[in-house]
Amino acid sequence: MIVLVRHGRTSLTKPSFWNSLGLKNWIDEYNSAGIHQQDVPPQALISIVKDCELVISSNFARARKSAKLLRESSESFPLFDEARLPYPSFLQINISPLVLVPLFRFFWFLGYSRNSESFFEARKRALIGVKELIRLAEAKGPVVCVGHGMMNRLLSKELRSQGWVGPKNPGSHHWGFG
C-alpha cells in the first residue's frame with residue numbers, strides 16, 4: 001500500500017498582489033515555510049499511518065513538518081518536492097495571486113517553464129518517484145508519502161498507469177490523501 005498525502009496548511013500567508021519579483025520571493029518563502037502551528041492531521045489519516053511501516057516526505061519544510069506530525073521518525077527526499085511554479089522575469093504590474101498562480105500553472109501545462117522545471121521534467125521525476133515508492137513498499141511494507149498537490153497528482157497518475165488502484169487526485173486540500 002502507498003498513501004499519498006498533501007501537507008498541512010502552510011504558516012505563510014498570501015500577499016494581496018504580486019509582480020514577478022513578488023511571485024519569486026513568495027515561492028521561495030513558501031518552499032521554506034513550515035505549517036501552521038494549530039494545524040493537525042485528521043483522525044482518519046492518523047489511523048492509516050498506524051498501519052504503515054514508513055512515512056516519507058518531500059524535502060520542503062511544510063511536507064517534512066507534516067510528516068513529523070504523523071510519525072517522528074520520517075525521512076525526506078527531494079524527489080517528491082512540488083513541481084515548481086514558473087514565473088516570468090518581466091512582469092511589472094501587480095496581479096492578484098488568485099489569478100497569477102492558476103494562470104502560470106496553466107501556462108506550465110502548455111510548456112512554459114521559465115524559472116522552473118518543465119511539465120515533462122516533472123512527469124519524468126514522478127516516474128522515478130513511483131519506482132522508489134514501489135521499491136520501498138515492496139521492501140518495507142505500507143508507505144505514506146507526504147508531498148504536494150501537483151506532484152501527488154503526477155505520482156498518482158503514474159501509479160494508476162502501472163496497475164495500482166487509487167483516485168486521480170489523492171487530495172488537493174491540506175491533509176488530503178488517497
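For the structure itself, consult the block above.
Residues numbered from 1 in each chain as written. Predicted model: local features only at pLDDT ≥ 70, side-chain atom pairs only at ≥ 80, totals over all residues. Heavy atoms only, no water.

**Brief notes about the state of the cysteines**
Right, on to step 1. Within this structure, the stated rule accounts for 0 disulfides.
Right, on to step 2. Counting only cysteine sulfurs, Cys 145 is the nearest neighbor of Cys 52, a cysteine outside any disulfide, at a range of 11 Å.
Right, on to step 3. A relative accessible area of 0% means that Cys 145 is categorised as buried. (Disulfide = S-S within 2.5 Å. Buried < 20%, exposed > 50% of the residue type's maximum accessible area, 1.4 Å probe, protein only.)

**Re the nonpolar core**
Right, on to step 1. Core analysis: the largest hydrophobic core is formed by 22 residues, its most contacted members being Ile 2, Leu 4, Ile 56, Phe 80, Leu 133, Val 143 and Leu 155.
Right, on to step 2. Of all elements in the fold, only β1 (2-6), β2 (54-57), α5 (119-140), β4 (143-147) and α6 (149-161) reach the threshold of two or more residues within this core.
Right, on to step 3. With 7 residues, the top contributor of residues to this core is α5.
Right, on to step 4. When residues no more than four places from it in sequence are discounted, the contact partners of Leu 133 are Ile 2, Leu 4, Ile 56, Phe 80, Val 143, Cys 145 and Leu 155.
Right, on to step 5. If you look at the next biggest cluster of nonpolar residues, it comprises 13 residues, including Val 3, Ala 63, Leu 70 and Trp 175. (Core = buried A, V, L, I, M, F, W, Y, C linked by side-chain atoms within 4.5 Å. Helix = DSSP H or I, 4+ residues; strand = E, 2+ residues; numbered from the N terminus. Contact = heavy atoms within 4.5 Å.)

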